[in-house]
Protein chains: 4
Amino acid sequence: MELAQLREEVLAANLALPAYGLVTLTWGNASGIDRDRGLVAIKPSGVSYDELTAADIVIVDLDGNVVQGAGRPSTDTPTHVALYRAFDQIGGVVHTHSTYATSWAQAQREIPLLGTTHADLCAHPIPLTRALTDAEVQEDYEANTGVVLIEAVAELGAAELPCALVRGHAPFCWGAGPAAAVQNAVTLEEVARMALLTSLLEPAAAPLDAAVRQKHHQRKHGPHAYYGQS
Amino acid sequence: MELAQLREEVLAANLALPAYGLVTLTWGNASGIDRDRGLVAIKPSGVSYDELTAADIVIVDLDGNVVQGAGRPSTDTPTHVALYRAFDQIGGVVHTHSTYATSWAQAQREIPLLGTTHADLCAHPIPLTRALTDAEVQEDYEANTGVVLIEAVAELGAAELPCALVRGHAPFCWGAGPAAAVQNAVTLEEVARMALLTSLLEPAAAPLDAAVRQKHHQRKHGPHAYYGQS
Amino acid sequence: MELAQLREEVLAANLALPAYGLVTLTWGNASGIDRDRGLVAIKPSGVSYDELTAADIVIVDLDGNVVQGAGRPSTDTPTHVALYRAFDQIGGVVHTHSTYATSWAQAQREIPLLGTTHADLCAHPIPLTRALTDAEVQEDYEANTGVVLIEAVAELGAAELPCALVRGHAPFCWGAGPAAAVQNAVTLEEVARMALLTSLLEPAAAPLDAAVRQKHHQRKHGPHAYYGQS
Amino acid sequence: MELAQLREEVLAANLALPAYGLVTLTWGNASGIDRDRGLVAIKPSGVSYDELTAADIVIVDLDGNVVQGAGRPSTDTPTHVALYRAFDQIGGVVHTHSTYATSWAQAQREIPLLGTTHADLCAHPIPLTRALTDAEVQEDYEANTGVVLIEAVAELGAAELPCALVRGHAPFCWGAGPAAAVQNAVTLEEVARMALLTSLLEPAAAPLDAAVRQKHHQRKHGPHAYYGQS
């Protein structure tokens with residue numbers, strides 16, 4: 001894959017965020033990785049989606065150093081590259097402050113698994129990171145945000161858990177590539193919205209039965225999947 | 001009626017789902033039946049609404065076997081055909097994960113009859129299916145989803161109850177044809193939304209008076225209906 | 001004023017309802033009156049807003065008898081004409097099942113006066129009608145809906161109270177003409193939405209101070225109004 | 001800067017309010033100041049956004065007297081000019097009745113600092129003004145609304161606090177110019193929305209850790225900011 005193609009995919013992923021209603025103003029960023037070259041393409045910091053072009057996409061290495069591009073990469077770049085370093089199988093990362101997922105992060109609660117829509121995304125509650133220590137905030141805050149995300153996900157792995165909530169902050173999502181990460185971000189937001197409405201209606205709502213949870217997840221994922229055309 | 005016409009009606013019903021805001025990504029499907037031929041037209045599994053054409057609509061028999069069409073039919077096909085087999089008078093079925101109806105399904109509560117908007121749709125609370133047993137989930141999950149829907153509806157009948165909530169999952173709606181099923185899905189979602197807001201405002205909200213409930217239902221349905229132009 | 005002009009105004013008022021997000025499907029209707037002729041122009045029953053033309057608008061007399069027009073007038077026509085007969089100063093009536101105002105009606109609660117947005121519309125809580133008796137429902141339901149609306153409004157008058165909630169049903173709004181009634185319906189819905197959110201956040205929220213309430217109302221209404229350009 | 005340019009900036013800021021979904025009907029206004037001339041450009045009162053042109057923007061002096069323009073300036077003009085007189089560093093002011101910020105104002109609660117989105121806007125809770133006395137309401141209501149806003153903000157200053165809620169009324173926001181004030185109004189509304197959802201989900205939600213709050217604020221503001229391209 002050429003870097004030019006990766007830049008286009010990352011541009012498309014970034015433009016999809018406002019189109020799906022996941023971002024306000026400039027709050028969000030998507031990236032993609034070229035594993036062969038060890039290079040990550042990411043949105044420049046604070047640039048309006050209206051004006052974003054493929055040429056603005058910044059190329060960084062896996063330490064976050066700029067390799068190509070005139071602009072400064074997203075301030076969240078150290079978090080993205082930490083995720084790429086930790087999880088070999090992911091090809092795209094998306095960060096947004098989408099309304100409902102962020103509300104769960106602010107409530108400092110994981111998202112319980114209340115229905116089959118959630119099970120289609122992931123067979124587990126959506127995890128919440130631990131609080132950063134003051135030292136972690138003051139030194140290398142964005143890289144340490146990656147550290148706590150990786151801790152929250154590591155046991156089950158990034159294939160089982162396509163997203164997590166940073167406590168008091170907002171979600172990060174990932175997938176096989178930038179477009180898959182966007183799909184997970186869209187799904188997470190709707191799952192978060194329905195979980196919040198369900199919780200308001202019935203604070204003691206029971207989690208989805210384990211059998212249905214496994215069934216739905218396996219319909220879409222894994223060796224016996226039968227959802228879709230492939 | 002030609003199958004080509006049924007395919008067009010089913011295509012239109014499927015495209016109406018994102019247009020009415022009832023589906024996110026590819027989560028939803030509409031079907032219609034040709035009762036003379038015993039054939040059902042249904043959305044292919046996991047295909048984007050943007051790309052869907054009449055030629056993609058899959059034709060299956062009442063056992064869910066593909067009769068025409070290159071793609072795999074919706075994974076929910078066994079649920080659709082179970083409903084068509086059980087209820088002679090229905091001509092269209094719609095399944096969505098629409099936000100508010102799904103939140104009631106996740107809260108594992110029927111939707112109480114709180115106002116005349118609900119009574120215009122149906123003179124009863126919207127029922128909730130019983131939980132599937134583990135065996136029902138593991139063997140023939142989608143057909144068994146049909147089984148519990150039919151159980152929930154059978155006593156009053158599919159004419160009296162145009163929709164039901166699958167526990168922990170989402171709604172199924174039906175009607176005289178695909179377009180009528182879509183109208184019921186749109187109405188159910190708004191009824192679910194207002195019932196949720198009403199319940200948050202007043203958890204002990206009283207059900208609608210029986211006299212008003214019957215009056216509104218009879219204005220739109222049955223031998224003395226006087227709503228509309230026909 | 002020609003009837004043709006009234007028809008156009010009533011058409012525009014009806015088309016404004018879906019444009020402002022106040023109606024789902026065909027649930028809503030607007031009317032206007034020609035006081036000189038004693039004739040009311042109103043939406044036909046159950047017709048889609050997409051297809052509605054000025055020629056479809058039905059003309060009825062103040063008893064609700066059709067004077068011009070091929071279609072059947074709105075089933076709510078007896079409510080509209082009852083309001084026109086009771087309140088000389090109103091020139092337009094709008095009925096919707098708008099989400100938030102209807103949720104208050106279903107909760108069977110008047111809308112408390114919690115802020116200046118409400119005071120700009122009306123210096124009082126939005127009243128709720130009493131329950132109809134079974135006899136009132138069974139005989140002449142729509143006219144009796146007018147009766148309870150008039151009872152709810154009569155003491156303060158239709159100039160002081162531009163709208164009311166029918167218990168278990170939905171709002172009716174009125175104004176100097178059809179366009180003014182639409183503006184009141186738009187305002188009521190936003191007032192209802194903010195009152196609901198306020199009440200969820202703070203169930204014991206205090207009503208707006210009387211001095212501010214009077215000040216805001218008088219800025220927009222009455223002899224010393226100084227809002228706007230006239 | 002020519003006044004013509006200021007008028008264009010103020011027109012653009014006013015038109016941005018409905019585009020961002022912050023205003024219903026005509027409820028909102030934006031202004032900007034030419035500090036050299038001591039002149040403020042502001043929306044005319046009660047004019048529809050659809051019809052607004054740069055020529056309609058009214059120019060007033062810092063006492064609110066009209067200097068140029070055929071229309072009557074916004075009724076809230078005395079509040080705007082009070083803010084400009086009190087806070088030298090601000091160049092634009094925006095007032096809306098945006099849904100969620102207004103709901104907090106109606107609940108008579110400051111907006112707690114629950115997440116990093118809020119910290120990006122402001123490192124403090126969003127303050128709520130004290131109640132106006134009856135005398136303050138009856139004499140010079142709009143100027144006294146400025147008085148209580150200034151009281152609420154004065155201790156920390158208008159640079160630290162880019163907005164405040166008028167008790168029982170709605171928010172006022174400000175910034176370096178009209179466009180910056182609009183951005184703050186957009187951000188405040190989303191912050192208010194997420195804080196309300198968070199509070200419903202978890203009424204005892206803990207405020208954001210002080211270290212993260214300072215970090216996020218400093219990423220975007222102050223001498224060591226590293227967000228954006230400048």
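Each remark here, short or long, concerns the structure printed above.
Note that the coordinates shown come from a computational prediction; the quantities given were computed from them, not determined experimentally.

(A) Spatial organisation of the interface of chain D and chain C. Chain D puts 35 residues into the contact, and the matching count from chain C is 34 residues. Roughly 2,900 Å² is buried in total at the junction of chain D and chain C, and carbon and sulfur atoms are behind 55% of that figure. It is Leu25(D), Arg72(D) and Gln106(D) in chain D that bury the most area against chain C; as a group they hold 21% of the surface buried on that side. Counting across the chain D and chain C interface gives 3 salt bridges. With its nearest N and O atoms 3.3 Å apart, the salt bridge here joins Glu202(C) to Arg109(D). For the interface between chain D and chain C, the tally reads 14 residue pairs in polar contact (both at pLDDT 80 or more). Taken together, the elements giving at least two residues each to the side of chain D that touches chain C come down to α3 (99-107), α5 (134-138), α6 (141-154) and α7 (178-201) of chain D. Among the elements that make up the side of chain D that touches chain C, the one with the highest residue count is α3(D) (7 residues). Its residues placed into classes, the side of chain D that touches chain C shows 13 nonpolar, 17 polar and 5 charged.

(B) Highlighting the interface of chain B and chain A. Of the residues lining the interface, 35 residues belong to chain B; the matching set on chain A comes to 35 residues. Carbon and sulfur atoms make up 55% of the area that chain B and chain A hide from each other, which totals about 2,900 Å². Applying the counting criterion to the chain B and chain A interface returns 3 salt bridges. A salt bridge links Arg219(A) to Asp76(B); the shortest N-O distance between them is 3.5 Å.

(C) Fine view of the packing of aromatic side chains. One pass over the full model with this rule turns up 4 aromatic pairs over all chains. Look at Phe87(B) and Trp174(B): their rings are 6.3 Å apart centre to centre, the planes differ by 25°, and that puts the pair in the stacked class. With a gap of 87 residues between them, Phe87(B) in the loop between α2 (77-86) and β5 (92-96) and Trp174(B) in strand β7 (residues 171-175) connect regions that are remote in the sequence. The side chain of Lys43(A) reaches across the aromatic face of Tyr49(A), ending 4.8 Å from its centre.

(D) Structural view of α2(B). Along α2(B), 7 of the 10 residues are buried, which leaves the element largely enclosed by surrounding structure. For α2(B), the complete set of buried residues consists of Thr77(B), Thr79(B), His80(B), Val81(B), Ala82(B), Leu83(B) and Tyr84(B).

(E) Quick look at the sheet that holds strand β1 (residues 28-34) of chain B. Residues and elements named next belong to chain B. Taken together, 7 strands build an open sheet; the order of strands is β4-β3-β2-β1-β5-β7-β6 and the sheet is antiparallel. Looking at the sheet topology across the chains shown, the edges are occupied by β4 (66-68) and β6 (163-165). Ignoring which end each strand starts from, the neighbouring axes of this sheet average 25° apart. Along the sheet face, helix α1 (residues 3-19) touches β1, β2 (39-42), β3 (58-61), β4 and β5 and points at about 155° away from the line of β1.

(F) Summary view of the packing of helix α3 (residues 99-107) of chain B against helix α7 (residues 178-201) of chain B. Residues and elements named next belong to chain B. Where α3 meets α7, the closest approach of the two axes is 7 Å, and the angle between their N-to-C directions is 60°. Viewed along their axes, α3 and α7 adopt a mutual orientation that is oblique. Of the two possible hands of crossing, α3 and α7 adopt the one that is left-handed. Of the residues in α7, those touching α3 at Thr-99, Tyr-100, Ala-101, Ser-103 and Trp-104 are Leu-188, Glu-189, Ala-192, Arg-193, Ala-195, Leu-196 and Ser-199. Residue composition of the contact of α3 with α7, by class: 7 nonpolar, 3 polar and 2 charged.

About the criteria used
Residues numbered from 1 in each chain as written. Chains lettered and ligands numbered in written order. Predicted model: local features only at pLDDT ≥ 70, side-chain atom pairs only at ≥ 80, totals over all residues. Heavy atoms only, no water. Contact = heavy atoms within 4.5 Å. Buried area = accessible area lost by both parts, 1.4 Å probe. Salt bridge = Lys/Arg side-chain N within 4 Å of Asp/Glu carboxyl O. Polar contact = N/O pair within 3.5 Å; in protein donor to acceptor, adjacent residues only side chain to side chain. Helix = DSSP H or I, 4+ residues; strand = E, 2+ residues; numbered from the N terminus. Nonpolar A, V, L, I, M, F, W, Y, C, P; charged D, E, K, R; others polar. Phe/Tyr/Trp six-rings, centres within 6.5 Å; stacked < 30°, edge-to-face > 60°. Lys NZ or Arg CZ within 6 Å of the ring centre and 35° of its normal. Buried < 20%, exposed > 50% of the residue type's maximum accessible area, 1.4 Å probe, protein only. Pairing = 2+ DSSP bridges. Axes fitted to C-alpha atoms, helices over the stretch in contact; angles between N-to-C directions. Parallel < 35°, antiparallel > 145°, perpendicular 65-115°, else oblique. Left-handed = near helix turned anticlockwise from the far one by under 90°.

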